[in-house]
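Summary of the model geometry
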Amino acid sequence: MSNRRTSTKGFVSRSTTICLIMTLVALLCIGQLASIQLLHGRSTAQAATASRTLPVTISAQRGKILDTNGSVLAQSVERYTIVADPQAAQSFKPTACTPDTKDYCQQVDGKPIDTIGAAAVARILAPTLGMDPMELGAKLSVPGRYAVLKKDVDPEVKRAIDKLGLGGIIYGELSNERLYSNGTMIGALLGGVDAQGKGVAGIEQMENAALTGKNGYKVYQQGNGGEEIPGTLAESKDAVNGSDVALTVDSDVDWYVKKVLAEGKQKYQADWALAVVQDVRTGQIVALDDTDQIEAGGDDAKLNVAKVVNQTFEPGSIGKVVSMAGMLQSGGSQLTDRFTVPDQINKNGQVFHDAENHAADHWTLAGILQQSSNVGMVMASGNYSNEQRYDFMTKFGFGQNSGMGLPGESSGTLASPQLWDGRTKDTVLFGQGYTVNALQLTNAVATIANKGVRQQQSIIKSVTDANGHVSTPSEPQPTRVVDEQVASQMSDAMESAAAQYQAFSGVDGYRIAAKSGTAEVVGADGRLSSIVSDWSGIIPADNPRFVVTVVMKNPHGSFGGLTSGPVFKQIGEFLMQKYEVPTSAPRKNAIPVTW
């Protein structure tokens, strides 16, 4: 009996103690609740609101790059980066589909999902993303709260993901993808952008400031899936898209130029070929391309400069046009001056040869250009000093870049006359001893076509900002290099030179003023074992509209008039048809080439 009383007292004592403890815990909970709701309720609510109120960047779209007719060459399109919360994925349990849950349940191919966690999320998501479920499962099984699953996803795919009922686990971050419309056409010239959308090569780099927009932002409360809770927008600033940049390039012409260059390279088994088409009246570049097959926006486009911009070479006999124009402008020569020209000459111990053996011929200065005589140029240069030779080469644009700001453009090489040796001072007369790029050579010939006035070349036509305001780049004033009469006489002499190759390089119905060139250049063996053959022509000669320059490396056939000239012919025919240029008037009173 005594033991029973003792046991009962112990039980009551323990029960009382437990009740007191539970009462104390309850009072503490009530106190804490009261403190939270009454004393700290406002700050707690504010903290909860702040935790889900986040600034979200509104990405600005990069501007488009267009051709002169408004055709899109490069543009940014809406894309999404699909991101996961691995921690949430690993605790995921799929919701079975019933009439009550049909709007947010999960199943695959109409069948229930027999697994949970990351594996279940991967099975649900894989078909929509077009990925392997095992690969997705691995990405979802890592520690942490952030994992990129796939980049550059179309908006349609992102919307389909939103319907899978995986809010809070899978979401999309808005981004842009840069798309290029014409593959390898001016691929390296367009360049590309990096992962952050910044231009890193070509036009994309050159015009990056204009093309880049300014991001905006929105501050609002977000749900578990990152979605905006209606009515919670606190602050916002609209994004300003980048400006659209229109080029002077006509994509139809450039496409054709690239096509015939590829055909010419194959036909003449050349190492490479390139071409430039320039509008004589404006200095605008209508087309410029080469035979490199570089995709715009790709790694090669980001790492390489367009060959048509970067490649330099000795101009060969096309350089005689600049030298002869300088002789006429200096007043010491006339195109009717008479010379008896052998096929070689020794001047101060230096022997100069013509390309072909011939008897001593009676040529005028115009005839020396027509016959492309190196010997004749040396003979005619007695009153043309080294300083004048250098001065006119620089006035025509040699030894300096084009002024268009193209990334990677080479200026070529032109040493000062003080550095010329006993041979170079005469080889520069016929296009050897210095180097140029195709843009420089084209503009030199265009200066003759433009009545002796050198235009600033341009490739940017206009810039249109997000508000539609159009601006055009400011260009330096044109500069006169030679008198109009000198330019007219040189054009006449170039017509006679072009007539030598009429069967190969002529354009039916149109007069051509052109000059061919062939120069030895350093080959892979480090010796003068390679050939560059070029042709630069004005079409039509009587009413100049375009200058077309074509350059080939190591073509079979060597002479520029027989290799690059026929490619010029194809481009010239296309230009005359596309722009509906009237045919030429008959040529009259040509300057004599013999005596």
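Please refer to the structure placed before this passage.
Just so we're clear, the structure is a prediction, and the values are computed from it rather than from any experiment.

Position of serine 584 among the secondary structure elements: in the segment after helix H21 (564-578). A distance of 2.9 Å separates a polar side-chain atom of serine 584 from the backbone nitrogen of arginine 511. Residues in contact with serine 584, not counting those within four places in the same chain, are Gly509, Tyr510, Arg511, Pro540 and Asp542.

It is worth spelling out the state of the cysteines at this point. Between two cysteines, a covalent bond joining their sulfur atoms is known as a disulfide. The final tally for this structure, using the stated rule, is 1 disulfide. For cysteine 97, the disulfide goes to cysteine 105, at an S-S distance of 2.0 Å. Where cysteine 97 bonds to cysteine 105 through sulfur, the torsion about that S-S bond is close to 90°, and the disulfide is right-handed. For cysteine 105, a relative accessible area of 15% corresponds to the buried category.

Summed over all chains, the structure comprises 23 salt bridges. With its nearest N and O atoms 2.7 Å apart, the salt bridge here joins aspartate 85 to arginine 145. Of the two residues, aspartate 85 sits in the loop between strand E3 (72-84) and helix H3 (86-90) while arginine 145 sits in the loop between helix H5 (133-140) and strand E4 (147-153), which places them 60 residues apart along the sequence. Of the residues examined, aspartate 85 reaches a relative accessible area of 6% and is grouped as buried. In this structure, aspartate 426 engages arginine 389 in a salt bridge whose closest nitrogen and oxygen atoms are separated by 3.1 Å. Here aspartate 426 is found in helix H17 (residues 424-427), whereas its partner arginine 389 is found in helix H16 (residues 386-395), with 37 residues between them in sequence. Members of the salt-bridge network, linked through shared partners, are Lys347, Arg389, Lys425 and Asp426.

As defined by bridge partners, strand E2 (residues 65-66) adjoins strand E10 (residues 244-247) across 2 bridges and the pair is classed as parallel. Bridging across to E10, isoleucine 65 finds its partner in valine 245. With 4 bridges joining them, E10 and strand E20 (residues 460-464) adopt antiparallel strand pairing. From the neighbouring strand, alanine 246 faces E20, where its bridge partner is serine 462.

Turning next to the sheet that holds strand E24 (residues 530-539). What the 5 strands build is an open sheet, ordered E12-E11-E25-E24-E23; its pairing is antiparallel. Of all strands in the sheet, those bounded by a partner on one side alone are strand E12 (285-290) and strand E23 (513-521). Direction aside, neighbouring strands of the sheet carry axes that sit 10° apart on average. Here E24 runs beside strand E25 (residues 546-553); their pairing, made up of 8 bridges, is antiparallel. In the strand pairing of E25, isoleucine 539 is matched with phenylalanine 546. Each of strand E11 (272-279), E24 and E25 is contacted by H21, which is oriented at about 150° to E25, the strand it contacts most.

Attention now moves to the nonpolar core. A general tendency of soluble globular proteins is for nonpolar side chains to be buried together. Among the nonpolar cores identified, the biggest contains 89 residues, and Leu247, Leu288 and Met490 are the most heavily contacted of them. The leading source of residues in this core is helix H18 (residues 438-449), at 8 residues. Setting aside residues no more than four positions away along its own chain, leucine 247 makes contact with Ile65, Leu66, Asp67, Thr68, Leu73, Ile186, Leu190, Ile203, Ile459, Ile460 and Lys461.

Mapped onto the elements of the fold, glycine 517 is located in strand E23. Note: C-alpha distance between glycine 517 and glutamate 314 (203 residues apart in sequence) is 9.0 Å. Once residues lying within four places of it in the same chain are set aside, the contact partners of glycine 517 are Pro315, Gly316, Ser317, Ile318, Val532, Ser533, Asp534 and Gly560.

Another point: helix H6 (residues 155-162). Burial in H6 covers these residues: Pro155, Lys158 and Ile161. Projection of H6 onto a plane perpendicular to its axis shows the buried side chains occupying an angular sector of 115°, all on one side. Taken together, the buried residues of H6 touch E3, helix H4 (117-129), E4 and strand E5 (170-180).

It is the contact of helix H10 (residues 251-267) with H21, at a shortest axis distance of 10 Å, that shows an interaxial angle of 160°. With respect to H21, the axis of H10 lies roughly antiparallel. As for the relative orientation of H10 and H21, their crossing is right-handed in sense. Facing H10, whose interface residues are Asp252, Val253, Tyr256, Val257, Val260, Leu261, Glu263 and Gly264, H21 presents Val567, Gln570, Ile571, Phe574, Leu575 and Lys578. Of the residues that constitute the contact of H10 with H21, the class distribution is 9 nonpolar, 2 polar and 3 charged.

What counts, and where the lines are drawn
Residues numbered from 1 in each chain as written. Predicted model: local features only at pLDDT ≥ 70, side-chain atom pairs only at ≥ 80, totals over all residues. Heavy atoms only, no water. Helix = DSSP H or I, 4+ residues; strand = E, 2+ residues; numbered from the N terminus. Polar contact = N/O pair within 3.5 Å; in protein donor to acceptor, adjacent residues only side chain to side chain. Contact = heavy atoms within 4.5 Å. Disulfide = S-S within 2.5 Å. Buried < 20%, exposed > 50% of the residue type's maximum accessible area, 1.4 Å probe, protein only. Salt bridge = Lys/Arg side-chain N within 4 Å of Asp/Glu carboxyl O. Pairing = 2+ DSSP bridges. Axes fitted to C-alpha atoms, helices over the stretch in contact; angles between N-to-C directions. Core = buried A, V, L, I, M, F, W, Y, C linked by side-chain atoms within 4.5 Å. Arc of directions from axis to C-beta. Parallel < 35°, antiparallel > 145°, perpendicular 65-115°, else oblique. Left-handed = near helix turned anticlockwise from the far one by under 90°. Nonpolar A, V, L, I, M, F, W, Y, C, P; charged D, E, K, R; others polar.

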